[in-house]
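The chain contents come next:
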Amino acid sequence: MIPLSAWQSLDSPPGHRLLERCRTLDLRHPACLEALRREHDPQAVLAAVELTLARQAAFDKFGDQAASLWADQAGVEMASSRLAAAHKARRLAALKTTYPIFDLCCGIGADAIALTQSGLDAIGVDQHEVRAWMCARNAGCRTRAEDVRILPPGQVRVFHIDPQRRSGGNRRTPRLDDLQPGIDFLSTLALSAEAGCIKLFPGVPFDVLPRGEVEILSERGRLRQALLWTGTLASRQHARSATVLDAGATLSGQPGPAPMGPVGAYVHTVDPAVERAELIGELAELTRTTTPHPASGLLTGGDPIDSPFLRTFRLLDQMPWSLSAVRRRLRELEAGVVTIKTRGRAVEPDKFAAQLRGCGSRPLVLFVQRFGSRFVCLICEPHDPH
């Protein structure tokens, strides 16, 4: 672990010059690192290299803000994206509380940045003094370097917590038992505080969580976080929510399946946040659609739908899955590039997409799935609402 003094030394004229030098070098090359060590304190070099690489890695989550971020690479990997942090901060700000918001296990301060930018009084707490210092520099808020489990009872009235989700080998571990602090502490915290948000991994089992509202976040078509809103932050009307961060759209309701029906003129894929939150039934009711099979993750109907929770495809044909028969049909449709979407590895998408690619100019999408005992192929083309 690089000591705090080494990180602090970078916030000085000599440290600024060292960082500027790092930006011009290939830091993966041993000769470059050796040259830096001959000219600077070895611990400062370690910190400068780590910071430079972390800022490069942070651009995807933080954009231009990454250039001035104080972070290490592991901290960047664990941090919320700007969109996710801003989404949570808006909901916390809506409380209009006079209490400070404790950002527990604050890491480098991605969520604390959003809290302070929303005008909230944030206090970052992390057991690692380097991370607490980084949070203070990044968010401009008060921080404390201590174990969140020893905070005095009743001191935390409103909170956000991001429990550690790593084990030996620096590997993410999507298991509830590996959270630090663990589920017992999180349950006690949720009961003792007036309101809170617990950041979890998307695959967390819902049935063992403390009482509250579960929200699933997606960004760029991928699941990012599961949130448990507790106390007065939890909706009394809705057990689950799904939010597409890119679109700023949230669907809330009760978990349940979609009604079944035949494949219609249009097929819709469902955003993964909706499916993970088990709100596909809610979305089907809202859009007046059905599903061709409960495990398909698809909705279908007679009309195209403009929704941030759906991507729409026009059905061209439906047939049993047979490589030779599908190839003939694609040739008739003047197919060009073919994309295969499947579930449960019903087929090997890349292998068959290459075999089915045609000489035409028409990009097509094939949904190849098992509907009960049948292998079905839905031949579609993307629907462009514009």
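Preceding block: the structure.
All figures in this text were calculated on a predicted structure; none of them were measured in a lab.

## What about the packing of aromatic side chains?
All chains considered together, the criterion is met by three aromatic pairs. With a centroid separation of 5.3 Å and an interplanar angle of 80 degrees, the aromatic rings of Phe-313 and Phe-367 are classed as edge-to-face. Residue Phe-313 is found in strand E14 (residues 310–320), and its partner Phe-367 is found in strand E16 (residues 362–371); the two are separated by 54 residues along the sequence. With respect to burial, Phe-313 and Phe-367 carry one shared label: buried.

## Details of helix H9 (residues 183–192)
Residues of H9 that are buried: Leu-186, Leu-189 and Ala-190. Along the axis of H9, the buried positions cluster into a sector of 100 degrees, meaning they face one direction only. With respect to the buried face of H9, the exposed residues turned more than 90 degrees away are Asp-184, Thr-188 and Leu-191. Of the surrounding secondary structure, the elements contacted by the buried residues of H9 are strand E1 (101–104), strand E4 (158–161), strand E7 (195–200) and strand E9 (222–231).

## Thoughts on the layout of surface pockets
Taken as a whole, the second largest pocket spans an internal volume of roughly 370 Å³. Taken together, 28 residues form the lining of the second largest pocket, with Cys-105, Gly-107, Asp-126, Asp-162 and Gln-164 sitting closest to its centre. Split into classes, the residues belonging to the lining of the second largest pocket amount to ten nonpolar, nine polar and nine charged.

## Comments concerning the nonpolar core
Counting 55 residues, the largest nonpolar core has Trp-7, Leu-10, Val-49, Phe-62, Leu-92 and Ile-108 as its most contacted members. Take this core: its biggest share by element is ten residues, from helix H4 (residues 42–62). Contacts of Val-49, omitting those with residues within four sequence positions, involve Cys-22, Leu-27, Leu-33 and Leu-36. Ile-123, Leu-151, Val-204 and Leu-283 belong to the second largest nonpolar core, which has 42 residues in total.

## Concerning helix H3 (residues 30–39)
Residues of H3 that are buried include every one of Cys-32, Leu-33, Ala-35 and Leu-36, and no others. On an axial view of H3, the arc spanned by its buried residues comes to 160 degrees, and they lie on one face. When the buried face of H3 is taken as reference, the exposed residues oriented beyond 90 degrees from it are Pro-30 and Arg-38. On its buried face, H3 sits against helix H2 (13–23) and H4.

## Some thoughts on the pairing of strand E13 (residues 298–301)
Here E13 shows two buried faces, one formed by Leu-298 and Thr-300 and the other by Leu-299 and Gly-301. Note that strand E12 (residues 266–270) and E13 share four bridges and pair antiparallel. Its bridge partner being in E13, His-268 is matched across the sheet by Leu-299.

## Re the sheet that holds strand E17 (residues 374–382)
Strands sit in the order E13-E12-E14-E17-E16-E15 across an open sheet of six strands; the sheet is mixed. Each edge of the open sheet is held by one strand with a lone partner, namely E13 and strand E15 (335–342). Neighbour-to-neighbour, the strand axes of this sheet turn through a mean angle of 35 degrees, independent of strand direction. On the sheet, helix H11 (residues 280–287) packs against E12, E13 and E14 and is oriented at approximately 15 degrees with respect to E13.

Cut-offs used in this document
Residues numbered from 1 in each chain as written. Predicted model: local features only at pLDDT ≥ 70, side-chain atom pairs only at ≥ 80, totals over all residues. Heavy atoms only, no water. Phe/Tyr/Trp six-rings, centres within 6.5 Å; stacked < 30°, edge-to-face > 60°. Helix = DSSP H or I, 4+ residues; strand = E, 2+ residues; numbered from the N terminus. Buried < 20%, exposed > 50% of the residue type's maximum accessible area, 1.4 Å probe, protein only. Arc of directions from axis to C-beta. Contact = heavy atoms within 4.5 Å. 1 Å grid on protein atoms, 1.4 Å probe; cavity = no way out; pocket = protein on both sides within 12 Å on 5 of 7 lines; lining within 4 Å. Points joined across faces, edges and corners; volume = space filled by probe spheres on them. Nonpolar A, V, L, I, M, F, W, Y, C, P; charged D, E, K, R; others polar. Core = buried A, V, L, I, M, F, W, Y, C linked by side-chain atoms within 4.5 Å. Pairing = 2+ DSSP bridges. Axes fitted to C-alpha atoms, helices over the stretch in contact; angles between N-to-C directions.

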